[in-house]
Amino acid sequence: EAAVTQSPRNKVAVTGGKVTLSCNQTNNHNNMYWYRQDTGHGLRLIHYSYGAGSTEKGDIPDGYKASRPSQENFSLILELATPSQTSVYFCASGAGGEDQDTQYFGPGTRLLVL
Amino acid sequence: GDSVTQTEGLVTVTEGLPVKLNCTYQTTYLTIAFFWYVQYLNEAPQVLLKSSTDNKRTEHQGFHATLHKSSSSFHLQKSSAQLSDSALYYCARDSNYQLIWGSGTKLIIKP
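Values in this document were obtained by computation on a predicted structure and should not be read as measured data.

Caption draft 1: Region of the structure containing the overall build of chain B. Looking only at helices and strands, chain B has 0 helices and 12 strands in total. Traced from its N-terminal end to its C-terminal end, chain B shows the element sequence β-β-β-β-β-β-β-β-β-β-β-β. For 111 residues, the compact-globule estimate of 2.2 N^0.38 gives 13 Å, and chain B sits close to it at 13 Å. Expressed as a percentage of the 111 residues in chain B, the buried residues total 47%. Roughly 5400 Å² of accessible area belongs to chain B as shown, and the carbon and sulfur atoms make up 49% of that amount. For chain B, the centre of its 9 positive side-chain charges and the centre of its 8 negative side-chain charges are spaced 2 Å apart.

If you want it as structure tokens, here you go:
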């Protein structure tokens, strides 16, 4: 099973500040994903990547940037954080393939924007 | 378009009784794989079941689900609920290297 870690696990930020959430996976998966989870909205895809150097927009990319500098690392960047971005953020990785693309999740980051 | 529908936001079941969580889908793809993920309180989602074979029962941790392409369904069932089954359950299907997620069903098992 993929090992996915996230840092920080908890973050308090100020409105207008820059926030970087980091994700690392050690199973050499090609695909990585960033989700946010809010009560009443389930899991929503923000950005994803097919491999080092690639980033793609998900369903709710506005206000977020992503960076995939290596196979192992995938970051989510909030350039100007807003209170509406207060949420729990999950990173996930998957090996890819034509079907059965199981995603393995990190433990999550709780972000509070004041 | 492609979508996954979980009709119940909250399901409450008495311990020892059967559980059924509904999942239906719409898809434009012929080859599809389906998943059930479970998320315990303050934890990450983790895969519970997966299947891509029509009419084949898949089981794990006492839960089972059967993909029925004729009715576009992949319902999750368990014959006897346990207190430890209380969690948030997501149905999902693959689509072009992503997963399309249902909105989730919170399952509460009461003594």
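Caption draft 2: Region of interest: the interface of chain B and chain A. With 21 residues of chain B in contact, the opposing surface of chain A contributes 22 residues. A buried area of about 1800 Å², summed over both sides, lies between chain B and chain A, and 52% of it is on carbon and sulfur atoms. Among the residues chain B hides against chain A, the three largest losses belong to Tyr97(B), Gln98(B) and Trp101(B). Together they make up 33% of the total. Only β5 (34–39), β6 (46–51), β10 (87–95) and β11 (98–101) of chain B provide two or more residues apiece to the side of chain B that touches chain A. Partitioned by chemical class, the residues of the side of chain B that touches chain A number 11 nonpolar, 7 polar and 3 charged.

Caption draft 3: How the structure looks around the sheet that holds strand β7 (residues 57–60) of chain B. Residues and elements named next belong to chain B. The 4 strands are arranged β3-β9-β8-β7 in an open sheet whose pairing can be described as antiparallel. Edge positions in the open sheet fall to β3 (19–21) and β7, since each of these has one partner strand only. Recorded for the sheet is a direction-independent mean angle of 20 degrees between the axes of neighbouring strands. Pairing geometry for β3 and strand β9 (residues 76–78), over 3 bridges, is antiparallel.

Caption draft 4: Representation of a nonpolar patch on the surface within the structure. On the surface, Val12(A), Leu112(A) and Leu114(A) cluster together to form a nonpolar patch covering roughly 290 Å² of accessible area. Considering the arrangement of structural elements, one finds Leu112(A) in strand β11 (residues 109–113).

Caption draft 5: Representation of the pattern of salt bridges in the model. Throughout the structure, instances matching the rule amount to 6 salt bridges over all chains. The closest approach of N and O atoms between Lys65(A) and Glu79(A), which form a salt bridge, is 3.2 Å. Residue Lys65(A) is located in strand β7 (residues 65–67), and its partner Glu79(A) is located in the loop between β8 (73–78) and β9 (87–94); the two are separated by 14 residues in the primary sequence. On the accessibility criterion, Lys65(A) (45% relative accessible area) is partly exposed. Between Glu59(B) and Arg57(B) there is a salt bridge; the shortest N-O distance is 2.8 Å.

So, how was this worked out
- Residues numbered from 1 in each chain as written.
- Chains lettered and ligands numbered in written order.
- Predicted model: local features only at pLDDT ≥ 70, side-chain atom pairs only at ≥ 80, totals over all residues.
- Heavy atoms only, no water.
- Helix = DSSP H or I, 4+ residues; strand = E, 2+ residues; numbered from the N terminus.
- Rg over C-alpha atoms; globule rule 2.2 N^0.38 Å.
- Buried < 20%, exposed > 50% of the residue type's maximum accessible area, 1.4 Å probe, protein only.
- Areas by Shrake-Rupley, 256 points an atom, 1.4 Å probe, with all protein chains shown as cover.
- Lys, Arg positive; Asp, Glu negative; His and termini not counted.
- Charge placed at Lys NZ, Arg CZ, Asp CG, Glu CD.
- Contact = heavy atoms within 4.5 Å.
- Buried area = accessible area lost by both parts, 1.4 Å probe.
- Nonpolar A, V, L, I, M, F, W, Y, C, P; charged D, E, K, R; others polar.
- Pairing = 2+ DSSP bridges.
- Axes fitted to C-alpha atoms, helices over the stretch in contact; angles between N-to-C directions.
- Patch = residues over 30% accessible without salt bridge, like charges linked within 9 Å, V, L, I, M, F, W, Y side chains within 5 Å.
- Salt bridge = Lys/Arg side-chain N within 4 Å of Asp/Glu carboxyl O.

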